[in-house]
Amino acid sequence: MSQFDEKTLELLVDIEQMLREENIAAVLKKKGEEDYTFSMLSALIENMSFEGMDGLGEFFFMPEKEGLSEIGIFQSVITFAEDVDADTLEKLNQVASILNFYMESGSFSGDCEGRNFTFKTSVVLPLEGDMETLKSIVELNAGQAIITATSFADVFRKVVVGTMSIDEIRELVSPKE
């Protein structure tokens, strides 16, 4: 196992421990297991909305780049809508366009196939840094992704079902004078 793989795995194990302490079910698949090309931590984010919608959290490092083994790009991806139809996707994209403008970090988006909708954050880490500091950074990133996706899941749901309009979203997030 390369030094890159060892360090990134240690950071994922730390997040797994953090999630379990918060009673969030999490499973870590290591690089090489079941044909995984990189290690990934998956978690069930229960009750993301008032109607009990669950989400899937995926936490991983982008694969090591040749000559850049001292840099890790950590990803937190929270999927909260799956197998969406074209009409729903259009509504989700409208909400995301408004919310993303005001987001301090991370963004809402659909996947390339337009089937799943997520909240995603990324952080570039110097893997040569102090391990306790790196653990704090990835914990904050993963936690922020879960909290942000959970905080806005109901807004997306309300627009999709028609109980909230796009204008109400604009009013909700635009700065007041």
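For the structure, see preceding data.
For every chain, the first residue of the written sequence is number 1, and numbering continues from 1 along that sequence. Only residues with pLDDT of at least 70 are given local features in this predicted model, and only at 80 or more are side-chain atom pairs given and counted; all residues enter the totals for whole chains, interfaces and linings. The side-chain values count all of the structure's non-hydrogen atoms but skip hydrogen atoms and water molecules.

### Regarding the overall build of the protein
- Regarding its fold elements, the protein presents four helices and six strands.
- By definition, any uninterrupted DSSP run of H or I lasting at least four residues is a helix, any uninterrupted run of E lasting at least two residues is a strand, and each is numbered from the N terminus. Starting at the N terminus and walking to the C terminus, you meet the elements of the protein as α-β-β-β-β-α-β-β-α-α.
- Restricting the calculation to C-alpha atoms gives the radius of gyration, and the globule rule supplies 2.2 Å times the number of residues raised to the power 0.38. Relative to its length of 177 residues, the protein is compact, with a C-alpha radius of gyration of 17 Å against a globular reference of 16 Å.
- Considered along the principal axes of its C-alpha atoms, the protein spans approximately 50 × 40 × 30 Å.
- Summarising the internal contacts of the protein: among those between residues at least 6 apart in sequence, 56% fall at separations of at least 24. Note on contacts: a residue pair is in contact if any heavy atoms of the two residues lie within 4.5 Å.

### Re a nonpolar patch on the surface
- Patch members must show over 30% relative accessible area and no salt bridge, and they are joined within 9 Å when carrying like charges or within 5 Å when they are nonpolar side chains of Val, Leu, Ile, Met, Phe, Trp or Tyr. Only the protein chains shown count as cover for residues, with accessible areas throughout obtained via the Shrake-Rupley method and a probe of 1.4 Å. Should a side-chain nitrogen of Lys or Arg be within 4 Å of a carboxyl oxygen of Asp or Glu, the pair is scored as a salt bridge. Taken together, the side chains of Met62, Leu68, Ile71, Ile73 and Val124 present a nonpolar region at the surface, about 390 Å² in accessible area.
- Residue placement: Val124 occurs in strand 6 (residues 117-126).

### Side note on the packing of helix 2 (residues 86-102) against helix 4 (residues 166-173)
- At their nearest, the axes of helix 2 and helix 4 sit 10 Å apart, and the two run at 10° to each other. Considering the angle they form, helix 2 stands roughly parallel to helix 4. Each of Gln94, Val95, Ile98, Leu99 and Tyr102 in helix 2 lies in contact with helix 4, whose residues at this interface are Ile166, Ile169, Arg170 and Val173.
- Within the contact of helix 2 with helix 4, the residues separate by chemical class into seven nonpolar, one polar and one charged. A fitted line through C-alpha atoms serves as each axis, taken over the contacting stretch for helices, and the angle formed by two N-to-C directions is quoted from 0 to 180°. For this classification, under 35 degrees means roughly parallel, over 145 means roughly antiparallel, 65 to 115 means roughly perpendicular, and everything else is oblique. Polar here means any residue outside two lists: the nonpolar Ala, Val, Leu, Ile, Met, Phe, Trp, Tyr, Cys and Pro, and the charged Asp, Glu, Lys and Arg; Gly therefore counts as polar.

### Let's talk about unusual backbone geometry
- At Asn23, a position not held by glycine, the phi torsion is positive, near 60°.
- Looking at the secondary structure, you find Asn23 in the loop between helix 1 (3-21) and strand 1 (26-29).
- Positioned with a positive phi, Asp35 is a non-glycine residue whose angle comes to about 65°.
- Secondary-structure assignment places Asp35 in the loop between strand 1 and strand 2 (40-45).

### Thoughts on the nonpolar core
- Residues grouped as a nonpolar core are buried Ala, Val, Leu, Ile, Met, Phe, Trp, Tyr and Cys residues, joined through side-chain atoms within 4.5 Å. For the exposure calls, accessible area comes from a 1.4 Å probe over protein chains only, and a residue counts as buried if that area is under 20% of its type's maximum, exposed if over 50%, partly exposed in between. Residues Leu19, Phe59, Phe108, Phe117 and Phe156 are the most contacted members of the largest nonpolar core, which totals 48 residues.
- Excluding its chain neighbours within four sequence positions, the residues that come into contact with Leu19 are Ile24, Ala26, Leu41, Ala43, Phe59 and Ile146.

### Here we look at the pattern of salt bridges
- On inspection of all chains with the given rule, the structure shows eight salt bridges.
- A salt bridge links Glu132 to Lys135, with the shortest nitrogen-to-oxygen separation between them at 3.8 Å. Of this pair, Glu132 and Lys135 both sit in helix 3 (residues 131-161), three residues apart, which is roughly one turn of the helix.
- Residue classification places Glu132 among the exposed positions, given a relative accessible area of 51%.
- Residue Lys135 is classed as buried on the basis of its relative accessible area of 15%.
- Taking the shortest distance from any N to any O, the salt bridge between Arg170 and Asp167 comes out at 3.0 Å. Remark: Asp167 and Arg170 occur in helix 4; sequence separation between them is three residues, near one turn of the helix.
- Using a relative accessible area of 42% as the deciding quantity, one classes Arg170 as partly exposed.

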